[in-house]
Amino acid sequence: MWAVIRPDAIAVLKDKKARASLNRYFAVMQNEKTAKFMIAKKLPAEYSSKNSTEKLWKIHEKLTEKYYELEKQVDSKQKDLREMETPEKSYLDLKIEIAKRIMENCHFCTRRCGVNRKAGKLGYCRCGPSITVSSMFEHMGEEPELVPSGTIFTLGCTMRCLHCQNWTISQWYEKGETYKPEDLAREVERLRRSGCRNINLVGGEPTPWLEQWLKTFKHVNLNVPVVWNSNSYYSEETAKLLAGFVDVYLLDFKYGSNKCAEKISDAPKYWEVCTRNHLYAKNYGELIIRVLVLPEHLECCLKPILNWISKNLGASTRTNVMFQYRPEWRAHEIPELRRRLTRNEMEKAIRIAKEAGLTNFIT
């Protein structure tokens, strides 16, 4: 049980800008509304395991529309989930079936390795068939609205950020512990009961483990917001499966230039993938964006990122302009990344955020 909560984590409960951009999250956090995964378990889905994947996606598309209609009815108290029967197959079950098929030809991330992970084959992320956890605990270092956050760190990642601060996790320097979904569900419930405001799926990167996360929450029976803490480098299929499952998208926006993304993180077409997934997040859930300011990357990366956010997602988008950069792992391979930010760079970053018109950013 956490003992001391940060003052800003208490103050944020009355922060009008934060509450406006994360209105539903606050309500689920305080058990005034229902987490998406719990509603998804009540929405009937008619499909067969013999159906083609193409047909399953068509059914999923129609059910996604029905899901959001149901969510509105549940939020407005027109329907009570407790009075609804649990169907034999649900919208969440359909997601699990589709995710299982993706595992057999893996394309959860945008690299689309195509390996059969069910058969033990490993792709770029080196994630196998069983979810592997580094640690889980009540995290006090996240954004104030998330603290205390029930973070679950999984191994493996879909990128190779040379300055990765969690490199022992992302690059499998740790052994980790494998979990069955039923056991992991009990850990989720334990974290919620300990006072955590949410369950924060992080790593490494949660994307390769989406099938296992969907299976895990099928067994979770406590109301808790799901936070998808990601590098944003996932496929469009993953973006579709996250709809109606994730309450808060906690997304990195790392680079404003594909050249920088390839040089530092081995992430081709990062801008196109990242912007698409942020738009999906805006449409299907609530959004907190993290922008880690890198030394000498304010003009090429920070400025286009913040301008795009303001123009395409709205000036009131909750954005964390982060000054926590420190040289880690192989950062020495990139000359400008061998040092921390200067005071002038921090001040310039704040000016860029204001000039972009952002009204709900924090540092």
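Reading the values: the criteria
Residues numbered from 1 in each chain as written. Predicted model: local features only at pLDDT ≥ 70, side-chain atom pairs only at ≥ 80, totals over all residues. Heavy atoms only, no water. Helix = DSSP H or I, 4+ residues; strand = E, 2+ residues; numbered from the N terminus. Rg over C-alpha atoms; globule rule 2.2 N^0.38 Å. Buried < 20%, exposed > 50% of the residue type's maximum accessible area, 1.4 Å probe, protein only. Contact = heavy atoms within 4.5 Å. Areas by Shrake-Rupley, 256 points an atom, 1.4 Å probe, with all protein chains shown as cover. Lys, Arg positive; Asp, Glu negative; His and termini not counted. Charge placed at Lys NZ, Arg CZ, Asp CG, Glu CD. Phe/Tyr/Trp six-rings, centres within 6.5 Å; stacked < 30°, edge-to-face > 60°. Salt bridge = Lys/Arg side-chain N within 4 Å of Asp/Glu carboxyl O. Pairing = 2+ DSSP bridges. Axes fitted to C-alpha atoms, helices over the stretch in contact; angles between N-to-C directions. Parallel < 35°, antiparallel > 145°, perpendicular 65-115°, else oblique. Left-handed = near helix turned anticlockwise from the far one by under 90°. Nonpolar A, V, L, I, M, F, W, Y, C, P; charged D, E, K, R; others polar. Polar contact = N/O pair within 3.5 Å; in protein donor to acceptor, adjacent residues only side chain to side chain.

A. Structural context of the overall build of the protein chain. When its secondary structure is counted, the protein chain shows 14 helices and nine strands. Its C-alpha atoms give the protein chain a radius of gyration of 20 Å, within 12% of the compact-globule value 21 Å for 363 residues. When its C-alpha atoms are laid out on the principal axes, the protein chain stretches across 60 × 50 × 40 Å. Buried residues in the protein chain amount to 59% of all 363 residues. Contacts in the protein chain between residues at least 24 apart in sequence constitute 75% of all its contacts with a sequence separation of at least 6. In the form shown here, the protein chain has an accessible surface area of approximately 15700 Å², with 49% of it arising from carbon and sulfur atoms. Each charge class in the protein chain can be summarised by its mean position, and for the 59 positive and 45 negative side chains these summaries are 1 Å apart.

B. Highlighting the packing of aromatic side chains. Within this structure, the stated rule accounts for 17 aromatic pairs. Note on Phe217 and Phe245: the rings are 5.6 Å apart at their centroids and 80 degrees apart in plane angle, and the pair reads as edge-to-face. Taken together, the positions of Phe217 in helix H9 (residues 210-218) and Phe245 in the loop between helix H10 (236-242) and strand S6 (248-252) put the pair 28 residues apart, joining distant regions of the chain. Relative accessible area serves as the criterion here: at 0%, Phe217 is assigned to the buried category. Ring pairing ties together the aromatic residues Tyr67, Tyr68, Tyr91, Tyr280 and Tyr284, which thus form one cluster.

C. Representation of the environment of Leu146 in the model. Mapped onto the fold, Leu146 is located in the loop between strand S1 (132-139) and strand S2 (149-154). Judged by relative accessible area, Leu146 falls into the buried class, the value being 0%. In sequence terms Leu146 and Glu104 are 42 residues apart; their C-alpha atoms lie 34 Å from each other. Not counting residues within four places of it along the chain, the set of residues in contact with Leu146 comprises Tyr25, Arg197, Asn198, Val227, Leu250 and Ile288.

D. Inspection of the pattern of salt bridges at higher detail. Inspection of the entire model under this criterion finds 26 salt bridges. Between Lys215 and Glu211 there is a salt bridge, with its nearest N and O atoms 3.2 Å apart. Taken together, the residues span about one helical turn, with Lys215 and Glu211 both in helix H9 at a distance of four residues. The class for Lys215 is partly exposed, based on a relative accessible area of 26%.

E. The arrangement of the side chain of Asp75 in detail. Topologically, Asp75 is positioned in helix H5 (residues 53-75). Residues in contact with Asp75, not counting those within four places in the same chain, are Arg24 and Lys33.

F. Representation of the sheet that holds S6 in the model. What the nine strands build is an open sheet, ordered S3-S1-S2-S4-S5-S6-S7-S8-S9; its pairing is mixed. Each edge of the open sheet is held by one strand with a lone partner, namely strand S3 (177-178) and strand S9 (361-362). Bridge analysis of strand S8 (residues 318-322) against S9 gives two bridges, and the strand direction is parallel. Bridging across to S9, Asn320 finds its partner in Ile362. Along the sheet face, helix H8 (residues 181-193) touches S1, S2 and strand S4 (199-202) and points at about 15 degrees away from the line of S1.

G. Summary view of the pairing of S1. Two strands pair when backbone bridges link them, and S1 and S3 are joined in this way by two bridges, in the antiparallel orientation. Residue Thr132 lies in a different strand from S3, and its bridge partner there is Thr178.

H. Broad picture of the packing of helix H6 (residues 91-103) against H9. Where H6 contacts H9, the axes come no closer than 9 Å and their chain directions differ by 155 degrees. Here H6 lies roughly antiparallel to H9, going by the angle between them. Handedness of the crossing formed by H6 with H9: left-handed. Contact residues: Leu92, Asp93, Lys95, Ile96, Ala99, Lys100 and Met103 in H6; Glu211, Gln212, Leu214, Lys215, Phe217 and Lys218 in H9. Tallied by class, residues from the contact of H6 with H9 come to six nonpolar, one polar and six charged.

I. Just the environment of Ala27, in detail. Positionally, Ala27 belongs in helix H3 (residues 23-29). Look at Ala27 and you get buried, because its relative accessible area is 8%. With 198 residues separating them along the chain, Ala27 and Pro225 place their C-alpha atoms 9.4 Å apart. Ignoring any residue separated from it by four or fewer positions in sequence, one finds Ala27 in contact with Glu32 and Lys33.

J. Seen up close, the side chain of Thr207. Residue position: Thr207 is located in the loop between S4 and H9. Separated by 2.6 Å, the side chains of Thr207 and Glu205 make a polar contact. Look past the residues within four positions of Thr207 in its chain and what remains in contact with it is Phe108, Cys109, Trp228, Ser230, Tyr234 and Thr238.

K. Spotlight on the environment of Phe108. For Phe108, the position within the fold is in the loop between H6 and S1. Judged by its relative accessible area of 1%, Phe108 is buried. Taking the C-alpha atoms as reference points, Phe108 and Glu272, 164 residues apart in sequence, are found 16 Å from one another. Setting aside chain neighbours within four positions, we find Phe108 in contact with Ala99, Ile102, Met103, Arg117, Thr207, Pro208, Leu210, Glu211, Tyr234, Ser235 and Thr238.

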